[in-house]
Amino acid sequence: MTDTYERKIPAMGKLSTHILDVARGCPAAGIPIALYRVGIADTPLLVCLSNDDGRTNEALLAGDALVAGEYELVFHVAAYFRKAGLLTVEPPFLDRIAIRFNIGDPEQNYHVPLLVSPWSYSTYRGS
């Protein structure tokens, strides 16, 4: 008989996003995304592009890089909709969409989806 035990590994949270183009009913690929830590620095923690699935290739923050605090994701959507032929006026109604949110427990996952069209957007805390 062998003794077994469960090794408790500390949870490691992550921050992710997903952009869906609700005007065309598809993931939004190629949208520049900037992530800021509010009140810490004026320069972004990272800048990346959404992939063909409207996601990022890796988590925006994970493990020790994910700390409690206020963050801001900025999605640069105007060029995407311009390229898709959906912008009919200049300047566009939506250009940069900034979403501020708080991370309270860095051991949890925080998913910030963006549902967007040239005229509206919504978000929520996903899983």
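Counting from 1, residues in each chain are numbered in the order their sequence is written. The predicted origin of the model limits local features to residues at a pLDDT of at least 70 and limits the giving and counting of side-chain atom pairs to 80 or more, whereas totals for whole chains, interfaces and linings rest on all residues. The basis for every side-chain value is the complete set of heavy atoms in the structure, and neither hydrogens nor water enter the calculation.

S.K.: Break down the overall build of the protein chain for me, citing the residues and quoting the values.
M.R.: Broken down by element type, the protein chain carries 1 helix and 9 strands. Strands here mean DSSP runs of E at least two residues long; helices mean DSSP runs of H or I at least four residues long; both are numbered from the N terminus. Starting at the N terminus, the α and β elements of the protein chain follow one another as β-β-β-β-β-β-α-β-β-β. Over its C-alpha atoms the protein chain spans a radius of gyration of 17 Å, topping by over 25% the 14 Å that the globule rule assigns to 127 residues. If one aligns the C-alpha atoms of the protein chain with their principal axes, the spans along those axes are about 70 × 35 × 20 Å. The contact criterion used throughout is that any non-hydrogen atoms of two residues lie within 4.5 Å. Long-range pairs, those at least 24 residues apart, make up 63% of the contacts in the protein chain between residues at least 6 apart in sequence. Only carbon and sulfur atoms are counted for the fraction: they give 52% of the accessible area of the protein chain, which is about 8,000 Å². None of His or the chain ends enter the tally, which takes Lys and Arg as positive and Asp and Glu as negative. By convention, the point assigned to a charge is CZ for Arg, NZ for Lys, CD for Glu and CG for Asp. Of the side-chain charges in the protein chain, 11 are positive and 14 negative, and the distance between the mean point of each set is 3 Å. Two things to know: the radius of gyration comes from C-alpha atoms, and the globule rule equals 2.2 Å times the number of residues to the power 0.38. Computed by Shrake-Rupley with a 1.4 Å probe, the accessible areas treat only the displayed protein chains as cover when residues are assessed.

S.K.: Break down the pattern of salt bridges for me, with residues and values.
M.R.: Salt bridge, as applied in this entry: a Lys or Arg side-chain nitrogen positioned within 4 Å of an Asp or Glu carboxyl oxygen. Under the criterion given, the structure shown has 5 salt bridges. The partner of glutamate 72 in a salt bridge is arginine 100, and the shortest N-O contact between them spans 3.0 Å. Of this pair, glutamate 72 sits in strand S6 (residues 69-76) while arginine 100 sits in strand S7 (residues 96-103), and the two are 28 residues apart along the sequence. In this structure glutamate 72 comes out as buried when scored by relative accessible area, which is 16%. Each of the salt bridges in this network shares a partner with another, and the network as a whole consists of Glu70, Glu72 and Arg100. Burial classification: accessible surface area is computed with a 1.4 Å probe over protein chains only, and a residue below 20% of its type maximum counts as buried, one above 50% as exposed, and the rest as partly exposed.

S.K.: Lay out the environment of isoleucine 99 with the relevant residues and their values.
M.R.: Along the chain, isoleucine 99 turns up in strand S7. In sequence terms isoleucine 99 and serine 122 are 23 residues apart; their C-alpha atoms lie 9.7 Å from each other. In contact with isoleucine 99, other than residues within four places in its own chain, are Tyr71, Glu72, Leu73, Phe75, Val112, Leu114 and Thr123.

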